[in-house]
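This is what each chain is made of:
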Amino acid sequence: TVGAIGYGSYEIYSKRHPLEQQPFDPKKRTVIVLGSGWGAVSFLKSINTDDYNVMVVSPRNYFLFTPLLPSCTVGTIELRSIMEPIRFITRHKSRNVKFYESECTDIDPESKTISISDVSDIKGAVSNTTIPYDYLVVAVGAENQTFGMAGVREYACFLKEIWDAQNIRTRLMDCVESAGFASQAPEEVDRLLHMVVVGGGPTGVEYAAELHDFLKDDLETWYPELADKFRITLVEALPSVLPMFSSQLIQYTEKTFKQNKIEVLTKTMVKEVAEKEIKVMDANKNMISIPYGLLVWATGNCPRALTRKLMARIKNAQTSPRGLLVDDYMRVSGAPDMYAIGDCTFSKYAPTAQVATQQGLYLASVFESLARIEEGKSKKITPFEYSHQGSLAYIGSDKAIADLPFLNGNISVGGVATYVFWRSVYISNMFSFRNRFLVVGDWMKSKVFGRDVSR
Ligand code: FAD
Ligand code: MG
Ligand code: MG
Ligand code: MG
Ligand code: MG
């Protein structure tokens, strides 16, 4: 799912450069933004730096276009095509935006300071420090949900960050080459070529879809002796995949998966994760062991350690274990001058880029209003209102599904035409012309030459 908010970003490349930007102004308030994901970047794109000094703290110095991450796991798109350096994004601002590549390890709402720590391998003499803020925008996202199950972090691959996609791609090719190893036993070949996905949300479904395309379009060509041994299984605890979509599109997805020989096990709960197999309980409460070569874990979000630490500090106001409670103005309950947006919050909306983007844009407008009010101008601050632009997912073999709000209802469409639409929506939602150019180039490249099967 992705929001249809367009960003004309050509100006980023033509105009400013840090040297041409104004320096920090000690008379202005300082806003610190935690994170460089959807929420943070959408805020940064629209905050007016004439009014504020802006600082960004994030352990990664780039923005990641997550909707196309599943395509990177099989090489339809290259990793760097969906990354954008944060400095490219902030260079068009009138005032220089400071960026610190580090992790925020603690937030003290009382002294209004944050502690930051350099997370890189190479550190200078100073690698931990504390900085004060006037306003804080928490946009740190969330962590992978493992339900505390042993073995998940050890043996499964997540699909959230750029290194996850890299890891999956390497691991997949490793399984394939090991299956082709001289005199490998047949049951070991079957295991190595069994790709298991846990979680039937959009990430799990899109990953299974991309994997299917890769098997069909490329692996069967280059590994014909293994072709009929590849298997994909998707495990979901709920009665269906993609619960946020209309029942018609759920059925369409399940039918397409069946045609594509992706086995879908619904009402199936993972109970144990070991190095070469998972144990699951099926709908009839039978325990079944499923051997795998590659296990991808995509079961949703839980709050990060930093978020939990902050909630504990203001626990009288923060009563939900699922994320930061904010009011309709994105203010963190129990902490003055602190705002939170995106996946780190617990809100009535789904944790999507679409929501985080709209919240980031909204918050920048709140800051604009606060600055005008300070100047003595009257300005009304209205509460945040989410506008759902629809849900989209790629389901494999050039087909996509879309639930789109239309008039007062909803239209559900699926198929190849929807896939063309899916591509155009994603392209128009990319933050920069550079990324659009790279992604379209990758699509053409994999069409012409096939995907690269080297690891
Ligand atoms: P994120 O984008 O995750 O950003 C969090 C940022 O905080 C990161 O830069 C991180 O490095 C940083 N950070 C982490 N810890 C700290 C710390 N301690 N201090 C400072 N910074 C920190 N949504 C859609 O709407 N449509 C889609 O098609 C879609 N597809 C997706 C596909 C995949 C594979 C995934 C994983 C997600 C997808 N999503 C999609 C969901 C979407 O990516 C998230 O909802 C969105 O990223 C949330 O934005 P955010 O800013 O809250 O968090
Ligand atoms: Mg963010
Ligand atoms: Mg992101
Ligand atoms: Mg090997
Ligand atoms: Mg969080």
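Residues numbered from 1 in each chain as written. Chains lettered and ligands numbered in written order. Predicted model: local features only at pLDDT ≥ 70, side-chain atom pairs only at ≥ 80, totals over all residues. Heavy atoms only, no water.

1. So, the pairing of strand S14 (residues 262–265)
In terms of strand pairing, strand S13 (residues 231–235) meets S14 through four bridges, oriented parallel. From the neighbouring strand, Thr-233 faces S14, where its bridge partner is Glu-263. (Pairing = 2+ DSSP bridges. Helix = DSSP H or I, 4+ residues; strand = E, 2+ residues; numbered from the N terminus.)

2. Description of the coordination of the magnesium ion (ligand 4)
For the magnesium ion (ligand 4), the protein coordination sphere consists of Asp-174 (OD) and Ser-178 (OG), at 2.5 to 2.8 Å. Of the two residues, Asp-174 and Ser-178 both sit in helix H6 (residues 162–179), four residues apart, roughly one turn of that helix. Overall, Asp-174 belongs to the partly exposed group, its relative accessible area being 32%. Residue Ser-178 is classed as partly exposed on the basis of its relative accessible area of 26%. (Donors = N, O, S within 2.8 Å, 3.2 Å for Na, K, Ca; no water. Buried < 20%, exposed > 50% of the residue type's maximum accessible area, 1.4 Å probe, protein only.)

3. As for the side chain of Ser-391
By secondary structure assignment, the location of Ser-391 is in strand S21 (residues 391–396). A relative accessible area of 6% places Ser-391 in the buried class. Here His-388 takes part through its side chain, which lies 3.5 Å from a polar atom of the side chain of Ser-391. (Polar contact = N/O pair within 3.5 Å; in protein donor to acceptor, adjacent residues only side chain to side chain.)

4. Topic: the confidence of the model for the chain
For the chain, mean pLDDT is 94; residues scoring 70 or higher make up 96% of the total. Every residue in residues 1–12 scores below 50 in pLDDT, and together they form 44 contacts with partners more than four places removed in sequence or on other chains. (pLDDT = per-residue confidence, 0-100. Contact = heavy atoms within 4.5 Å.)

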